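Notes for the structure review
Given next are the chains, with one letter for each unit.
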Amino acid sequence: MRGLPRWVLVPALLGALFVVVPVVAMVGRVELTPGPDGTGGFWALVTSPAALDALGLSLRTALAATACCVVLGAPMALVLARTTFPGQRVARALVLLPLVLPPVVGGIALLHTFGRRGLIGRHLEVLGIEVAFTTTAVVLAQTFVALPFLVLSLEGALRSQDTRLEDVAATLGARPTTVLRRVTLPRVLPGLLSGAVLAFARALGEFGATLTFAGALQGVTQTLPLEIYLQRSADPDSAVALSFVLVVVAVLITAVVHGPRVLGASCPRRGVEGSLPDGGPRPRAVVSPAPQAGPPADRAPAPAGPAAPTPPAALTVRAVVPERGLDVELTVAPGEVVAVLGENGAGKSTLVQVVAGLLTPGEAPGARVAVGHDDVSRLPPRRRHLAWLSQRPLLFEHLSVEDDVAFGLRSRGVPRARAREEARDALARVGAADLARRRSTDLSGGQAQRVAIARALVTDPRVLLLDEPLASLDVGVAQHVRTVLHHAQREHPRTTLLVTHDLLDVLLLADRVVVLGGGRVVEDGPVDAVLTRPRSRFAARLAGVNLLAGSVAHVAVPEPARTAGGGASETAGGTADGTDLVEVAADGPGAETIAREVTVAVDGAEVRVHGTADEPLAVGGGAVAVFEPRAVAVHRTTPEGSPRNAYRVVVTSVEPHGPLLRVWGRAVDDDPGDPTAGATTAVGHDAPRLAADLTPRAVAELGLVPGERVWFVVKAAEVRVHPR
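Note that the coordinates shown come from a computational prediction; the quantities given were computed from them, not determined experimentally.

What counts, and where the lines are drawn
Residues numbered from 1 in each chain as written. Predicted model: local features only at pLDDT ≥ 70, side-chain atom pairs only at ≥ 80, totals over all residues. Heavy atoms only, no water. Pairing = 2+ DSSP bridges. Helix = DSSP H or I, 4+ residues; strand = E, 2+ residues; numbered from the N terminus. Axes fitted to C-alpha atoms, helices over the stretch in contact; angles between N-to-C directions. Expected span 1.5 Å × (residues − 1). Buried < 20%, exposed > 50% of the residue type's maximum accessible area, 1.4 Å probe, protein only. Contact = heavy atoms within 4.5 Å. Parallel < 35°, antiparallel > 145°, perpendicular 65-115°, else oblique. Left-handed = near helix turned anticlockwise from the far one by under 90°.

Another point: the sheet that holds strand β19 (residues 660-667). One open sheet holds the five strands; their spatial order is β17-β21-β18-β19-β20, and the pairing between them is antiparallel. In this open sheet, the two edge strands, each paired with only one partner strand, are β17 (633-635) and β20 (689-694). Strand after strand, the sheet turns through a mean of 45 degrees between neighbouring axes, direction not considered. Bridging between strand β18 (residues 646-657) and strand β21 (residues 709-713) involves five bridges; their strand directions are antiparallel. Looking at β21, one finds that V649 is bridged to V710.

Here is the structure:
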């Protein structure tokens, strides 16, 4: 009753009584013993020849109708749940029409279709085939009214399943029929069985359509509901007894469909407590054992893999998905690991889906994907010879770990025994040999992800697609899985796209970084270059630095002091804020690079940043100014001495950052007298935040809390300017 008003009990109880009392009243009229004259009695009534004929006919036709519902309804549910086509809502409404149509109307419709003068019946009569008023007519009538029950039940089960498991099966090389047989149907089997039982119950109780289309011929079309109807006037006791039989059947069917829940019992399914909605394992707060450096002592060393592994292939992608705003062109060298970074919604996962072939040509009309010299743009996922690993392991919960890893090999025609042997070897290489006999629902998050890695690598893919594979794992487990990926790449280099938000993934796994923004490539370069000299806001945040983007407003090259040898010496002097700039000539023997003083006009704001640049820059060209949060000083009042980089900010948050606290603020109008000043004149695009690292004591002394207005000050010598 928690959360419910007590008055709800009254209508609920009335509704229950409305259903139960009539059934109890009918059951109370059942005569279990014969009368004084020795006639009647429940057993005698239900075992009479007419009753037995009707019961036997009902069971046979209901079973036949259920089989027809499964054969016809399962494909209908698959089409409705897994495809999209014009008029789909109308088609679903027509399929479910028998649910709301009076059965007698359905019988008339069948009669005008299969009757002797019906749309189809007249052609069948020419062939000597009669349908109306035969046992076949009973089956057709029952199928007509029962079919929607199976379609509804199975379609609901299909829609509740995570289709990414089917995508994984496709990328592992499974044909559509194999995916349907080995992945889709096993996962929705409870829904299919429930729908079949409901269809059987509806067929067993069908009356109106059967009477109209098939008549009531004893032993031919007179089913149990028709027998009850006919006996209602001639022998009421027999009608009640036969009705009681149908009540018992209905109770049994309800128990089969709903199981122990009918009695209010809770029967937890295996693995549910540690599972996610799609059936995949939920990461546990347990650190998985570290990957084994070698095989256990009681096991022979695992083979190193295939004798001739597939050499890495170059990957060329032209991904255009108008609906998602993605337009990316990317080339990956053979064996190169490219980390794809960007904000949420930047198009990272869409790029991976384009490469894997998980988007239809209509969704990605301009997509072009080439692996090596092969154009795979029009090939289905199973023929691209790629492997896809997502945030979740997406293991097949109805298979053992061993069979799960062997799935891709079996889909490619490898014999079962050999596929299982290679699966065990792959598990051993990722330190998961002891998990082979378990179910995926019995694994921790780290164990499940290592199994998913083994499943992806055992097929020897030409390209590996990693879509944030460590995002859902805790720190300890993620480190173990990261080590597994690192060892696998070192043992056999594979061309890899790695989507991630984690700096450790970039540092330990990637050779190159590509940053996406708004569906476009905004930065591309080696890992060290991107992290030390970022040119995008996302890369700057990942590297832990502030970045302001704009255009060069002024470049001042100081006059170097000439020496006798024609070289240059350090110039005296400095900036207006008292910081010295080291400047040397760019030519002459032993010359070094000049440190140019550059002024950057920040995009979208009347704000300028002063810094130094080691690279040639032209006025009007694009540039980014980068400085570390530790170089930012924070003042409560207007800074003295007219510092060249001082920004009025509103504190937005204070976060832990190692032993320090990171203070985030958004630049606002520098007029302290304007209480309405907001982020409309903020630095950068959409008021980008600036960060300053301070000690906890400094934060306390300054009273920095969200909403406070302070000044962020950074010396020009601490700001590095790079072209973009």
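From this point, the narrative continues.
What follows concerns the pairing of β18. Side-chain direction in a regular strand flips from residue to residue, so the side chains alternate between the two faces of the sheet. Direction of pairing for β18 relative to β19: antiparallel, over a ladder of eight bridges. What sits directly across from V650, in β19, is R666.

Another aspect to go through is helix α11 (residues 189-204). Between the first and last C-alpha of α11 there are 22 Å, a value that for 16 residues agrees with the 22 Å anticipated at 1.5 Å per step. Turning to α11, its buried residues number three or more, namely G191, L192, S194, G195, A196, A199, F200, A203 and L204.

This part covers the environment of V220. Take V220: it is sitting in the loop between α12 (208-214) and α13 (224-234). Taking C-alpha positions, V220 is 7.5 Å from L57, a pair spaced 163 residues apart along the chain. When sequence neighbours within four positions are dropped, the list of residues in contact with V220 reads L57, T134, T135 and V138.

Before going further, it helps to examine the packing of helix α6 (residues 103-114) against helix α8 (residues 135-159). The interhelical angle for the contact between α6 and α8, taken along N-to-C directions, is 130 degrees, at an axis separation of 10 Å. It follows that α6 is oblique to α8 by the angle criterion. In terms of crossing hand, the pair formed by α6 and α8 is right-handed. Of α8, the residues touching α6 (which contributes G106, L110 and F114) are L140, A141 and F144.

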